[in-house]
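Spelled out from the first residue to the last, the chains are:
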Amino acid sequence: MVITRQDPFSFRLQTGETIVNFEQRSSLLELKTGGKQLSMDAPGEYEMGGIAIEGAMSDGNIFYTIHWDDMIIGLGDPVRNGTSNGASATYDILLLLITQPSKTAKTLAESDARVLIPFGEEKMVASFLKELDESPEEMEKLTIKKKDIPPEGERRIVVLKPLKK
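None of these values were measured; they are calculated from a predicted model. (Residues numbered from 1 in each chain as written. Predicted model: local features only at pLDDT ≥ 70, side-chain atom pairs only at ≥ 80, totals over all residues. Heavy atoms only, no water.)

### A short note on the sheet that holds strand 7 (residues 51-58)
- Strand order in the open sheet made by the eight strands is 6-7-8-9-12-13-16-14, with mixed pairing throughout. Each edge of the open sheet carries a strand with a single partner, namely strand 6 (44-48) and strand 14 (137-139). Sheet twist, expressed as the average angle between the axes of neighbouring strands with direction ignored, equals 20°.
- Taken together, the five bridges between strand 12 (residues 93-97) and strand 13 (residues 115-119) define a ladder with parallel strand orientation. When the bridges of strand 13 are listed, Leu 96 appears paired with Pro 118. (Pairing = 2+ DSSP bridges. Helix = DSSP H or I, 4+ residues; strand = E, 2+ residues; numbered from the N terminus. Axes fitted to C-alpha atoms, helices over the stretch in contact; angles between N-to-C directions.)

In structure tokens, the structure reads:
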């Protein structure tokens, strides 16, 4: 799977010809596979081409959980009114919107996310990383397979540079 940050609030995840495009500001997630396309912008459960997606409301946005390539991927802001809404789950990869750095860092400490990709306003991400006191890897794209996921109890933090500002 190749993950790229298209702009500050959108991502593309791709394996072969299967593509997931995610736009945080509109809570839009598009899945393209096998010549078919499915667009999601409402909570619910979706499935296409062996990929299962669940969407749940979180502070006015939708937090998506994707089951794909034998991995569990979280997308968005799982923090809801001071409680976790999905962040306490186990995610192989968590693309996490940073809105309240201290609260998000505390919630993340309770989660089992193994690969963390923070995003959002640059100053919020910087504050979040300072709060975590962990050094991230910076890159333009992340190529990852299930075997590359750190073992339980370990975490890898990756900051992806937006392709467009």
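### Comments concerning unusual backbone geometry
- Of note in the backbone geometry, Asp 70 takes a positive phi value of approximately 60° without being a glycine.
- Mapped onto the fold, Asp 70 is located in the loop between strand 8 (61-68) and strand 9 (71-76).
- On the basis of relative accessibility, which here comes to 71%, the residue Asp 70 falls in the exposed class.
- Positive phi outside glycine occurs at Asp 133, with the angle close to 60°.
- For Asp 133, the location among the structural elements is in the loop between helix 2 (122-132) and strand 14. (Buried < 20%, exposed > 50% of the residue type's maximum accessible area, 1.4 Å probe, protein only.)

### Describing the sheet that holds strand 2 (residues 10-15)
- The six strands lie next to each other as 5-4-3-2-1-15, forming an open sheet whose pairing is antiparallel. Each edge of the open sheet carries a strand with a single partner, namely strand 5 (36-40) and strand 15 (141-143). The average angle at which neighbouring strand axes cross in this sheet is 15°, direction not considered.
- Here strand 1 (residues 2-7) pairs with strand 15 via three bridges, running antiparallel. For Thr 4, the partnering residue across the bridge sits in strand 15 and is Lys 141.

### Brief notes about helix 2
- Among the residues of helix 2, those classed as buried are Val 125, Phe 128, Leu 129 and Leu 132. One side of helix 2 holds all its buried residues, which, seen down the axis, span an arc of 95°. Away from the buried face of helix 2 by more than 90 degrees, exposed residues Lys 123 and Lys 130 are located.
- Asp 133, located one to two residues past helix 2, shows a positive phi value of around 60°. (Arc of directions from axis to C-beta.)

### Things to note about the environment of Glu 17
- Its place among the elements puts Glu 17 in the loop between strand 2 and strand 3 (18-23).
- Apart from the residues within four sequence positions on either side, Glu 17 is in contact with Lys 32 and Thr 33. (Contact = heavy atoms within 4.5 Å.)

### Quick notes on the pattern of salt bridges
- The full count for this structure, using the stated rule, is six salt bridges.
- The salt bridge partner of Arg 114 is Glu 152, with a shortest N-O separation of 3.5 Å. In this pair, Arg 114 is assigned in the loop between helix 1 (101-109) and strand 13 and Glu 152 in the loop between strand 15 and strand 16 (156-160), connecting sequence segments 38 residues apart.
- Judged by its relative accessible area of 64%, Glu 152 is exposed.
- One salt bridge connects Glu 134 with Arg 155, and the closest N-O pair in it is separated by 2.6 Å. Note that Glu 134 is positioned in the loop between helix 2 and strand 14 and Arg 155 in the loop between strand 15 and strand 16, a separation of 21 residues in sequence.
- Classification of Glu 134 as partly exposed rests on a relative accessible area of 28%. (Salt bridge = Lys/Arg side-chain N within 4 Å of Asp/Glu carboxyl O.)

### Focus: the packing of helix 1 against helix 2
- In the contact formed by helix 1 and helix 2, the axes pass within 9 Å of each other and the chain directions differ by 45°. The orientation of helix 1 with respect to helix 2, classified from their angle, is oblique. As helix 1 packs across helix 2, the resulting crossing turns out to be right-handed. Across the interface between the two elements, Pro 101, Ser 102, Thr 104, Ala 105 and Leu 108 from helix 1 touch Met 124, Ser 127, Phe 128, Glu 131 and Leu 132 from helix 2.
- Its residues assigned to classes, the contact of helix 1 with helix 2 shows six nonpolar, three polar and one charged. (Parallel < 35°, antiparallel > 145°, perpendicular 65-115°, else oblique. Left-handed = near helix turned anticlockwise from the far one by under 90°. Nonpolar A, V, L, I, M, F, W, Y, C, P; charged D, E, K, R; others polar.)

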